[in-house]
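# Examining the three-dimensional arrangement
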Amino acid sequence: MSQSSRPRYLTKSKFKLALECPTKLFYANQSEQYFDKNSDNDFLQSLADGGHQIGELAKYKYHPNPIVAGITVETLDYDEAIRITREKLDAEFRSVVAEAALLVQPYFIRVDILIRDEQTKSIEIIEVKSKSVSDDTVVSEFRNSSGKFEAKWLPYLYDVAFQAEVARLAFPGYKVIPKLLLVDSTVACDVTGLHQMFPIVTEKDPKSGRSRAKVKTSNGIMSANLGALKFLREVEVSNVVSDLRLRPIDNSAHVPLAAGESMLTFMQWAGEIQIKGQRVFHGLSKNCKNCQYRAAPGDPLRSGVHECWQTALSQGLIHGTQKADDRSIPLSIDIWGGGSGSKSMADSVLKCGRGFLSDIQEDDIRPKNNSSSAVGMTSLERRMAQVNAASGSGARSVLDASRLEEMDAWNWPLHMIDFETSAPALPFFKGMHPYQTLAFQFSHHVMERMESGTVRIRHASQWISTAPGQFPSIEFVRQLRRALMPSGQLSGTVFRYHNHENTVLRSLRGEIMNASRADVQDAEDLLEFIDLVTKSTSEEAKLSGEYLGPKSMIDLHRLVQEGYFSSKSGGSISLKYVLPAILHDASGVAQLYERPGLYGAGLGIHSLNFKEAGGHVWLQKVKGGDPYKTLPGIFGKEHLDLNEILMRLAGDEEEDGVIAQGGLAMTAYNYTQFSSLSPEERMSIEGALLRYCELDTLAMVMLVQGLMELRGRPLEIAV
């Protein structure tokens, strides 16, 4: 059944969309015409957050053998799903049905787990989420200190409230008991190999021909094999649902006042516009910044965000000197949002009626307290550099020379490090907690100043662990210490990009502290190393005060934020966007990395992974001058379906299986934890991960080179 011929019921996903913005319903119903960056992300989410695996595991909490009993309604066909659900519910006095289909026009829902008890005349609606919950959140019934529902929980609460309302309509005379099944990260897993029992596979949709991910539960698995499952925490939310049913819709920036009087009113209104296929527009908000319906320049699909901008301009809600049909022109919501605390810069400029970046005035974004004696660009100055570059009244790049002076005082050699980690909802090992950080890989580039004054660059070391069933984190710290301190002393300066590396090491410090000294005999050495190169996290500082290691890592992200702006980075300080920008602005560095025969094993800049004859050229015109787009694929030809999915996830339509964003490294690692992989498959994925992480630390090298060149102090590279 094609998208256009399917019934336009208000489903769970469409209800969620309508709550975010009713205009999205129209774009979703015209999916063949509109770009949607969230389409085809099923595989990424399955591996990255473990949501699908938690959903399968949850069935065993409510049934001893759900596979043999066939409690799941598998079909995606609406009518067939409804028929099968009725059969399963009529079969016993107490029925447990997974993916139960309920239709009460105009509403159609698939309930994660539905339990019907004829003796008590009750219906349990259980919505399974792979989201961590704490005791405090449960006790407060998902409310903050002001008594309002926490914004991060509202989508989940509305989801189960919507299902409970449909169930009330579908089962008159029954008591409906809504529940959330969540993850308690304070409870350790009590069995080994739980993750292995729920492997994720891909299958072709016979209608669309596209690949999709699903969980294939291992044969013979019963609830007795899975331990106590105490980390799956059931929370009844009857009181919450009763409150939400009749109160005005929260966070209803895009919902007309009359339609948002209550959830019941909103359901009816959203159901009507869904059935009719109407396009409803009710203004812009800060949420538009992250809207999935924004197409890039040159994309053949329509761009919902730009159509909303055209509507808002015609209604006088925003004003601007540009045209919204030109996707290359930055919108006002593209203003950099960092350094503003809880205040939204996108919200500020929209309230001032600014449609485009070039229209923003300094008073629109000026903070109340703008006094700063610190060296470097303030957040306001950085934002105005972005605005002025867009309007043509300012430079395309800005350098704060005083902020970058610290580069001259750095103690050489310079060590660039990058970590790859995972924090799966479904634990890999016995004793592991849900969402516990696993550090499985690092890369390390070194810049050394020679006696001649030239600088030698080399990929000095790396480490990765992809073998299933092995806890990597302690060995990770041990190998990192060995890489940075081969003689037992740290010579030079260590660099990171943003907070991740510091946060990970501080987290692993706690694990080492709690480990048995018999298991970690070099614990004191590892703790001393971590304390040497890290500083306290904000949470640690609240509890025990600020701590700064004697050789704490320098954050290049902070240096860029306060010392370097380029219009080529699109207002972002992400290394993925800063790297092409610095290579554009620093032509000397760009020319270096355009050279063949420069970068590779045994070449001028030594590599541990790129061993091809002639080396690897990082700047290629056919790749748009973006080194990340030159990375090779993850999977081999035997897994073209996986390559196809990852290609779409990476946003690169030119090559199969390109890792072009950090989340894909975590995704690929999680995939390696299935023991069914062949040695060849695991080696192929491992090789791709090594190359990806190598580029992350090389990117930091390129950044330092570029900043030095822009300061008029170019480094002479020994090649």
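To be clear, the structure that these remarks concern was listed above.
All of the points below concern the structure found in this document.

Each value, and the rule that gives it
- Residues numbered from 1 in each chain as written.
- Predicted model: local features only at pLDDT ≥ 70, side-chain atom pairs only at ≥ 80, totals over all residues.
- Heavy atoms only, no water.
- Buried < 20%, exposed > 50% of the residue type's maximum accessible area, 1.4 Å probe, protein only.
- Helix = DSSP H or I, 4+ residues; strand = E, 2+ residues; numbered from the N terminus.
- Pairing = 2+ DSSP bridges.
- Contact = heavy atoms within 4.5 Å.
- Polar contact = N/O pair within 3.5 Å; in protein donor to acceptor, adjacent residues only side chain to side chain.
- Core = buried A, V, L, I, M, F, W, Y, C linked by side-chain atoms within 4.5 Å.
- Salt bridge = Lys/Arg side-chain N within 4 Å of Asp/Glu carboxyl O.
- Axes fitted to C-alpha atoms, helices over the stretch in contact; angles between N-to-C directions.
- Left-handed = near helix turned anticlockwise from the far one by under 90°.
- Nonpolar A, V, L, I, M, F, W, Y, C, P; charged D, E, K, R; others polar.

### Here's the deal with the pairing of strand β1 (residues 94–104)
Counting buried residues in β1 gives eight out of 11 residues, a clear majority hidden from the surface. Inspection of the sheet shows β1 paired to strand β2 (residues 107–117) by 10 bridges, in the antiparallel sense. Of the residues in β2, the one forming a bridge with Ser95 is Arg116. Following β1, the chain reverses through two residues before pairing antiparallel with β2.

### Here's the deal with the environment of Ser572
Structurally, Ser572 can be placed in the loop between β14 (564–566) and α21 (575–585). As for Ser572 and Gln561, which are separated by 11 residues in sequence, their C-alpha atoms are 9.4 Å apart. Residues in contact with Ser572, not counting those within four places in the same chain, are Arg382, Tyr577 and Val578. A distance of 3.0 Å separates the side chain of Ser572 from the backbone nitrogen of Ser574, its partner in a polar contact.

### A few points about the nonpolar core
If you look at the biggest cluster of nonpolar residues, it comprises 94 residues, and the most contacted ones within it are Leu194, Met447, Leu556, Tyr593 and Trp618. At 14 residues, the largest contribution of residues to this core is made by helix α25 (residues 679–710). Dropping the residues within four chain positions of it, Tyr593 is found in contact with Ile457, Leu598, Ile605, Val617, Trp618, Leu619, Leu698, Val701, Met702 and Gln705. Formed by 79 residues, the second largest nonpolar core is a distinct cluster that contains Tyr9, Phe108, Val241 and Phe281.

### Describing the pairing of strand β11 (residues 455–464)
By the bridge criterion, nine bridges tie strand β10 (residues 438–449) to β11 in an arrangement that is antiparallel. Across the sheet, Arg449 pairs through a bridge with Val455, a residue of β11. Counting the residues in the hairpin turn of β10 and β11 gives five residues, including Gly453, whose phi is positive at 95 degrees.

### Thoughts on the side chain of Glu694
For Glu694, the location among the structural elements is in helix α25. Separated by 2.6 Å, the side chains of Glu694 and Asn609 make a polar contact. With sequence-adjacent residues up to four places away left out, Glu694 is seen in contact with Ser443, His445, His459, Tyr599, Ser607, Leu608, Asn609 and Phe610.

### Regarding the side chain of Arg506
Here Arg506 shows up in helix α17 (residues 500–514). Side-chain polar atoms of Arg506 contact the side chain of Glu540, separated by 3.0 Å.

### Some words on the pattern of salt bridges
Tallied over the full model, the rule gives 43 salt bridges. Between Lys351 and Asp347 there is a salt bridge, with its nearest N and O atoms 3.1 Å apart. In this pair, Lys351 and Asp347 both sit in helix α12 (residues 345–351), four residues apart, roughly one turn of the helix. On the basis of relative accessible area, Asp347 is assigned to the partly exposed category, the value being 24%. In this structure, Arg509 and Asp531 form a salt bridge, with 2.8 Å as the shortest nitrogen-oxygen distance. Taken together, the residues Arg509 in helix α17 and Asp531 in helix α18 (residues 523–533) connect sequence positions 22 residues apart. Looking at Asp531, the relative accessible area reads 18%, which means it is buried. Bridged by salt links that share partners, the residues Lys12, Asp112, Glu127, Lys129 and Asp159 form one connected network.

### Brief notes about the packing of helix α20 (residues 556–563) against α25
Angle between the axes and distance between the axes are the two parameters that describe a pair of packed helices. At a minimum axis separation of 12 Å, α20 and α25 run at an interaxial angle of 35 degrees. Helix-helix and strand crossings are classified by hand; for α20 and α25 the assignment is left-handed. Together, Leu556, Leu559 and Val560 of α20 and Met700, Leu703, Val704 and Leu707 of α25 make up the contact between the two elements. In the contact of α20 with α25, the residues fall into seven nonpolar, no polar and no charged.

### Quick look at the sheet that holds strand β3 (residues 122–132)
As summarised here, the arrangement of the five strands in space is β1-β2-β3-β4-β7, forming an open sheet in which the pairing is mixed. Looking at which strands have only one partner, the edges of the open sheet turn out to be β1 and β7 (232–236). Neighbour-to-neighbour, the strand axes of the sheet open up by a mean angle of 35 degrees, direction not taken into account. Pairing of β3 with strand β4 (residues 175–183) involves eight bridges; the strand directions are parallel. What sits directly across from Glu127, in β4, is Leu180.

### As for the environment of Leu527
Relative to the elements of secondary structure, Leu527 occurs in helix α18. Taking the C-alpha atoms as reference, Leu527 lies 9.2 Å from Gly510; in sequence the two are 17 residues apart. Discounting chain neighbours no more than four positions away, the residues touching Leu527 are Arg509, Ile512, Met513 and Arg517.

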